[in-house]
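# What the coordinates show
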Amino acid sequence: MNYNWAAMTIKSLIFDFDGLILDTETPEIDVWKTIYAEHGFEFPFDRYSQIIGGWGVSTFDAADYLHQLANDSLDLDAIRLRHRNESARRFSEQPIRDGVQDYLTDARRLNLRLAIASSSKHSWVEPHLTRLGLFRYFDKIICGDDVPLGRTKPNPDIFLKALDELQINAGEAIVFEDSPNGVNAAHAVGIYVVAVLNPTTSLMRIEGADLTLNSLSNLSLEDLLMKITR
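Let me sum up the structure you'll find in this document. Every residue gets a number counted from 1 within its own chain, in the order that chain's sequence is written. Whole-chain, interface and lining totals are the exception, using all residues; otherwise, since this is a predicted model, local features are given only for residues with pLDDT of at least 70 and side-chain atom pairs are given and counted only at 80 or more. Side-chain descriptors were evaluated using all non-hydrogen atoms of the structure, hydrogens and water having been removed beforehand.

## Topic: the overall build of the protein
What counts is decided by this rule: Only DSSP runs of H or I reaching four residues or more are called helices, and only runs of E reaching two or more are called strands; each is numbered from the N terminus. When we talk radius of gyration, it's over C-alpha atoms, and the globule rule is simply 2.2 Å times the number of residues to the 0.38. Here the term buried applies to any residue with accessible area under 20% of the maximum for its type, exposed to any over 50%, and partly exposed to those in between, with areas from a 1.4 Å probe on protein chains only. Here a residue-residue contact requires only that any non-hydrogen atoms of the pair lie within 4.5 Å. Each accessible area is a Shrake-Rupley result for a 1.4 Å probe, and residues are judged covered by the shown protein chains and nothing else. For this count, His and the chain ends are skipped, Lys and Arg are scored as positive, and Asp and Glu as negative. Note that the charge is assigned to NZ on lysines, CZ on arginines, CG on aspartates and CD on glutamates.
A count of helices and strands for the protein gives nine helices and six strands. For a compact globule of 230 residues, the expected C-alpha radius of gyration is about 17 Å, and the protein comes in at 18 Å, within 12% of that figure. Taken along its principal axes, the extent of the C-alpha atoms in the protein is 60 × 35 × 30 Å. Counting all 230 residues of the protein, 53% fall into the buried class. If you take every contact in the protein between residues at least 6 apart in sequence, the share linking residues at least 24 apart comes to 68%. For the protein, the accessible area works out to roughly 10,900 Å², and carbon and sulfur atoms hold 47% of it. Averaging the coordinates of the 22 positive side-chain charges in the protein and doing the same for the 33 negative ones gives two points 4 Å apart.

Here's what the structure looks like:
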């Protein structure tokens, strides 16, 4: 689906959450790397990377896979609990990613509507947004539990629902994503998508983005809007 972006008026910005607003992906992987190394194995980043941003192309489970490598000799519940606790501690130390606050503030000043479109559940996204002081910025929050099971990114359902909730068409939004699954989902709907890489997704091959940045701080919102609509 192609749009003449210069003829469009942007009305809304749609943000992914994990890896885009808060880098939860890098800490999770770092903890898994430590756990795998302690058992004498290398963490399979290539396989794990397929689930980043959504579960549409893989059901890889890092704990199950390690259990298999160790000949089913591990305590799965203990491994999952350790990973969850150590990751949670690291999440609490992570700042909002550079440039995000400026984009949200500028979007409000420019009367743009804001939405979250995440493959994660409301029970994960909303407490973090509240803790970070960002919940109040968003008009709509669309999460993985708002679409049928198995229809998270890279399937387009989350973005289609976001457009419906915002009552706009695809050419009136910009999506900000960090992963191939998210970029592919937005691209399938025909939304202009900006890939904003983090330390983890910078190691992945991301195709289909209309623009790629290492940080939102590299390009102001007003400059982005001028780039798209001029």
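## With respect to the sheet that holds strand β5 (residues 192–196)
Rule in force here: At least two DSSP bridges between two strands are needed for those strands to be called paired. Axis definition: a line fit to C-alpha positions, over the contact stretch in the case of helices; interaxial angles, taken between N-to-C directions, run 0 to 180 degrees.
Overall, parallel pairing links the six strands, which are arranged β3-β2-β1-β4-β5-β6 in an open sheet. Edge positions in the open sheet fall to β3 (140–142) and β6 (211–213), since each of these has one partner strand only. Each strand axis lies, on average, 20° off the axis of its neighbour in the sheet, ignoring direction. Sheet topology note: the strand β1 (residues 12–15)/strand β4 (residues 173–177) ladder contains four bridges and is parallel. Paired with Phe15 across the strands is Phe176, a residue of β4.

## Focus on the packing of helix α5 (residues 100–109) against helix α9 (residues 221–229)
For clarity, the threshold we go by: Geometric relationships in this document are graded by angle, where less than 35 degrees denotes roughly parallel, more than 145 denotes roughly antiparallel, 65 to 115 denotes roughly perpendicular, and other angles denote oblique. Asp, Glu, Lys and Arg are counted as charged, while Ala, Val, Leu, Ile, Met, Phe, Trp, Tyr, Cys and Pro are counted as nonpolar; the rest, among them Gly, fall into the polar class.
Where α5 contacts α9, the axes come no closer than 9 Å and their chain directions differ by 65°. One way to sum up the angle between α5 and α9 is to call them roughly perpendicular. The residues of α9 that touch α5, namely those facing Tyr103, Asp106, Ala107 and Arg109, are Leu221, Glu222 and Leu224. In terms of residue class, the contact of α5 with α9 is built from four nonpolar, no polar and three charged.

Honestly, that's just the spatial picture; any functional story needs more than this.
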